[in-house]
Amino acid sequence: MIGVVRYSISHPEVVAERGDLDIALYDGTQPVPENLDDVEFYALPYGIIDTRFCEPIARMPRLQVVQTVTAGYDHVLPYLRPGLTLANGRGVHDAATAELAVALTLAARRRLPDFVRAGDEGRWASGWSTGLADARVLIVGYGSIGAAIERRLAGFEVEVSRVARNARPGVRPISDVAELLPHADVVIVATPLTPETEGLVGKDFLARMADGALLVNVSRGRVVDTGALLAELSDGRLHAALDVTDPEPLPADHPLWSAPNVLISPHVGGLTAAMAPRVRRLLLDQIRRYEAGEPLANVVVGS
């Protein structure tokens, strides 16, 4: 039984492998440990919308590092206090989220939801679809997930454009997005949620998208103005494939469920077998860095 807990970790294999340290498991399935006085490094359990996992931060007076296993970290920011370092799970969900982005794009462009619904009714509903070959794809938010999406699109004979917060070779600045939108058949949003990106995909953004274009959102629901998107979907001008929504979870009576030309998955971008080994590698590396006094990876707040 560990009396002093220096590391509170959300992954059992990490706890087992680093049994030489004052380390304990808290993965969110059990009550929060009673004594958190000595915790210096806290790896939050996986969960985007469960604030219970952030609340123990206030009970950790010696805490130095908060580590998420999610790429997004907006849900943690309200719980931070001055002096804490926050590191995110950059890289953990690249493969799985990129997979889903491509899957949603293909499903929407090849009309798979229509075929499934027809099959449920016993109807043979053959017909043409736009497909993906020769499409012009714009990736909005070209970080590690955006790059992973492009790698998975490489075999589909598409033309890819990229925008990010800062320009670099081959990537244009987000300020150029209005110029690029009218020329894109598919717009994949993979940007983090920040004050600058909240509501980014609003009325003006959507209005500049080409008629019949597809919006794919695998970032955060609040990056998209739901009301503005509903207006475009209801007019039949745009299509959407959404892994994230605002609000979330989406209530059963929300009009997005019944809007035309929309495909919704319930925020499952990272939920594949690829997650566990990547979380394990990240946490082991971060613990090694912390023990050695080396700079942590993926720091998004603090130093």
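Preceding this paragraph is the structure being described.
First, a word on what this report is: a plain description of the structure on this page. (Residues numbered from 1 in each chain as written. Predicted model: local features only at pLDDT ≥ 70, side-chain atom pairs only at ≥ 80, totals over all residues. Heavy atoms only, no water.)

Here we come to the environment of Val 279. Within the secondary structure, Val 279 is located in helix α8 (residues 275-292). Looking at Val 279, the relative accessible area reads 3%, which means it is buried. Those residues in contact with Val 279 that sit more than four places away from it in its chain are His 11, Val 69 and Val 92. (Helix = DSSP H or I, 4+ residues; strand = E, 2+ residues; numbered from the N terminus. Buried < 20%, exposed > 50% of the residue type's maximum accessible area, 1.4 Å probe, protein only. Contact = heavy atoms within 4.5 Å.)

Now for empty space enclosed by the protein. Counted according to the given criterion, the structure contains two cavities of 30 Å³ or more. The calculated volume of the largest cavity comes to roughly 50 Å³. Lining the largest cavity are Asn 217, Gly 221, Val 224, Thr 226, Leu 229, Leu 242, Val 244, Thr 245, Asp 246 and Leu 256. Per-class residue counts for the lining of the largest cavity are five nonpolar, four polar and one charged. The calculated volume of the second largest cavity comes to roughly 30 Å³. The wall of the second largest cavity is formed by Leu 44, Pro 45, Tyr 46, Gly 47, Thr 68, Val 69, Thr 70 and His 75. Its residues assigned to classes, the lining of the second largest cavity comprises four nonpolar, four polar and no charged. (1 Å grid on protein atoms, 1.4 Å probe; cavity = no way out; pocket = protein on both sides within 12 Å on 5 of 7 lines; lining within 4 Å. Points joined across faces, edges and corners; volume = space filled by probe spheres on them. Nonpolar A, V, L, I, M, F, W, Y, C, P; charged D, E, K, R; others polar.)

Attention shifts here to the nonpolar core. By size, the foremost hydrophobic cluster in this structure holds 31 residues, and its most contacted members are Leu 138, Val 187, Met 209 and Leu 215. Elements supplying a minimum of two residues to this core: β6 (136-140), α5 (177-180), β9 (186-189), α6 (203-208), α7 (226-234), β11 (239-242) and β12 (262-264). Excluding residues within four positions of it along the chain, Leu 215 makes contact with Val 187, Val 189, Val 201, Leu 206, Met 209, Val 224, Leu 229, His 239, Ala 240 and Ala 241. Listed in part, the 26 residues of the second largest apolar core include Val 137, Tyr 142, Leu 153 and Val 158. (Core = buried A, V, L, I, M, F, W, Y, C linked by side-chain atoms within 4.5 Å.)

A separate point is the packing of aromatic side chains. Centre-to-centre distance and the angle between the planes together describe a pair of aromatic rings. Within this structure, the stated rule accounts for three aromatic pairs. Pairing Tyr 7 with Tyr 290 gives two aromatic rings, centres 5.8 Å apart and planes at 85°, and the pair type is edge-to-face. One end of the pair, Tyr 7, is in strand β1 (residues 7-9); the other, Tyr 290, is in helix α8, with 283 residues separating them in the sequence. For Tyr 7, a relative accessible area of 1% corresponds to the buried category. (Phe/Tyr/Trp six-rings, centres within 6.5 Å; stacked < 30°, edge-to-face > 60°.)

On to the layout of surface pockets. In this structure, the largest pocket spans a volume of roughly 990 Å³. Around the largest pocket, the lining is made up of 43 residues, and of these Gly 143, Ala 190, Thr 191, Pro 192 and Leu 193 lie nearest the centre. Secondary structure elements with two or more residues in the lining of the largest pocket: α2 (94-109), α4 (144-153) and β13 (299-301). Per element, the largest residue contribution to the lining of the largest pocket is three residues, and it comes from α4. Taken together, the residues of the lining of the largest pocket sort by class into 17 nonpolar, 18 polar and eight charged. In this model, the second largest pocket occupies a volume close to 290 Å³. Lining the second largest pocket are 17 residues, with Ala 108, Arg 111, Asp 114, His 239 and Asn 261 sitting closest to its centre. Elements represented by at least two residues in the lining of the second largest pocket include exactly α2, α3 (112-120), β11 and β12. Considered class by class, the residues forming the lining of the second largest pocket number eight nonpolar, five polar and four charged.

So, to be careful, I would describe these as geometric facts and stop short of saying anything about function.
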